[in-house]
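Coordinate analysis (summary)
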Amino acid sequence: MDEPQKRTYEAIVARCTDLIPSVDIIKHIKPGTLRVANNTLDGITFEAVDPDDLEAELGGRMKLPGAGRSPQPGSRSFDTTRGPRPANASMISMKEDPAHWALKASFGATVGEGFREQWRPPPQPRPALLPPTSYGSKRISLGFGETGKRLTFTALHAAVAKSICNIHIDERGFVVATPDGAVVTPTFWGHIANELLLKTKFRDWLDGLIGDNVVGSLVVEAVNRVSLRFSDAENGFAGLEGRVNRISGIGDVKDIGKVFLPIGVSADLVHLRNSTVQANYYWYDGQQTLTLSWGGTFDKFGSK
């Protein structure tokens, strides 16, 4: 594997390990079938040693210590060799919530059984330790968010089929676990626009149109580096309150476009190991904002 592929593989393995309950994805990969993409959005593709076993583990039902063989697929016998799905299981599928419209929509292009990670908010710091909540400019907060408000709002997405499996990381997770079940956040629009349409369907269509050559690979890389921006987790949902307040009624045609404001575009200019230099442009209430940011993890920056 080259360096980008290695980062993708290690990120996927780490995320599977961190699931509740933890999944050792390496043992599920049939030797000689692994394909690794250069980015975590495309993730890893492989044949599973036992697709039913992988599907059960992603669904939260782990093998009990000393358990025997599971019933054959299609058997009417209940699998007593596995424990029950824990209440705080990370992954959710249509089996857990078959009426959930957003889950159903997100699994529309999934081949096989689909699983999506539910995001849970981290513990809140004590009030005395809360940082300042604003940079003093609502426009600047679109590009940089607010101090202490930035969320790592990514989600693991898995598709398990008899012939092929894929596990990748959606940068815009939109399903949040609550005591009343999974709910959808405004990040859903960014997920559809970027990860489903722009960086999957449009990118693959364009790649097929250009063909397998140097120009094609450059175009694909350019599309992978560009993202449409809305009011989302990356900027602390800046402008969301104003967006809601500007809408006077669903029946008013002139208000339809306002549900997408503020809107913008970003481009990853340079990737430096575990960090990225990014340019962000936003349009908000007739004002324009251009910011340049450098973000990521810096603990290994410069290490060999």
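Residues numbered from 1 in each chain as written. Predicted model: local features only at pLDDT ≥ 70, side-chain atom pairs only at ≥ 80, totals over all residues. Heavy atoms only, no water.

Now for the pairing of strand S11 (residues 275-284). When strand S10 (residues 263-272) meets S11, the two strands line up antiparallel, connected through nine bridges. Considered in S11, the bridge of Val 270 is made with Val 277. Counting the residues in the hairpin turn of S10 and S11 gives two residues, including Arg 273, whose phi is positive at 50 degrees. (Pairing = 2+ DSSP bridges. Helix = DSSP H or I, 4+ residues; strand = E, 2+ residues; numbered from the N terminus.)

Our focus in this paragraph is unusual backbone geometry. Following Ile 20, the chain continues to Pro 21 via a peptide bond in cis, the omega torsion being -10 degrees. Within the fold, Pro 21 resides in the loop between helix H1 (3-17) and strand S1 (35-36).

The subject of this paragraph is the pattern of salt bridges. Per the counting criterion, the structure on display carries 10 salt bridges. Arg 203 is paired through a salt bridge with Asp 42; the nearest N and O atoms lie 2.9 Å apart. Of this pair, Arg 203 sits in helix H5 (residues 187-210) while Asp 42 sits in the loop between S1 and strand S2 (44-46); the two residues are 161 residues apart in sequence, bridging distant segments of the chain. Linking Asp 53 and Arg 82 is a salt bridge whose minimum nitrogen-to-oxygen distance equals 2.2 Å. Of this pair, Asp 53 sits in helix H2 (residues 51-58) while Arg 82 sits in the loop between H2 and strand S3 (91-92), and the two are 29 residues apart along the sequence. Across the pair, exposure class does not vary: Asp 53 and Arg 82 are buried alike. (Salt bridge = Lys/Arg side-chain N within 4 Å of Asp/Glu carboxyl O. Buried < 20%, exposed > 50% of the residue type's maximum accessible area, 1.4 Å probe, protein only.)

Okay, the packing of aromatic side chains next. By convention here, two paired aromatic rings are described through the distance between centres and the angle between planes. Enumeration over the complete set of coordinates arrives at one aromatic pair. A ring pair is formed by Phe 202 and Trp 205, whose centres lie 6.0 Å apart and whose planes are at 35 degrees; its orientation type is tilted. Here the residue Phe 202 and the residue Trp 205 both occupy positions in helix H5, the gap between them amounting to three residues, near one helical turn. Using a relative accessible area of 53% as the deciding quantity, one classes Trp 205 as exposed. (Phe/Tyr/Trp six-rings, centres within 6.5 Å; stacked < 30°, edge-to-face > 60°.)

Moving on, we get to the packing of H5 against helix H6 (residues 214-225). Taken N-terminus to C-terminus, the directions of H5 and H6 make an angle of 170 degrees; their axes are 9 Å apart at the nearest point. Classified by the angle their axes make, H5 and H6 are roughly antiparallel. Judged by the twist between their axes, the crossing of H5 over H6 is right-handed. In this structure, H5 contributes Leu 198, Lys 199, Phe 202, Arg 203, Leu 206, Asp 207 and Ile 210 to the contact, and H6 contributes Val 215, Gly 216, Val 219, Val 220, Val 223 and Asn 224. Looking at the contact of H5 with H6, its residues break down into eight nonpolar, two polar and three charged. (Axes fitted to C-alpha atoms, helices over the stretch in contact; angles between N-to-C directions. Parallel < 35°, antiparallel > 145°, perpendicular 65-115°, else oblique. Left-handed = near helix turned anticlockwise from the far one by under 90°. Contact = heavy atoms within 4.5 Å. Nonpolar A, V, L, I, M, F, W, Y, C, P; charged D, E, K, R; others polar.)

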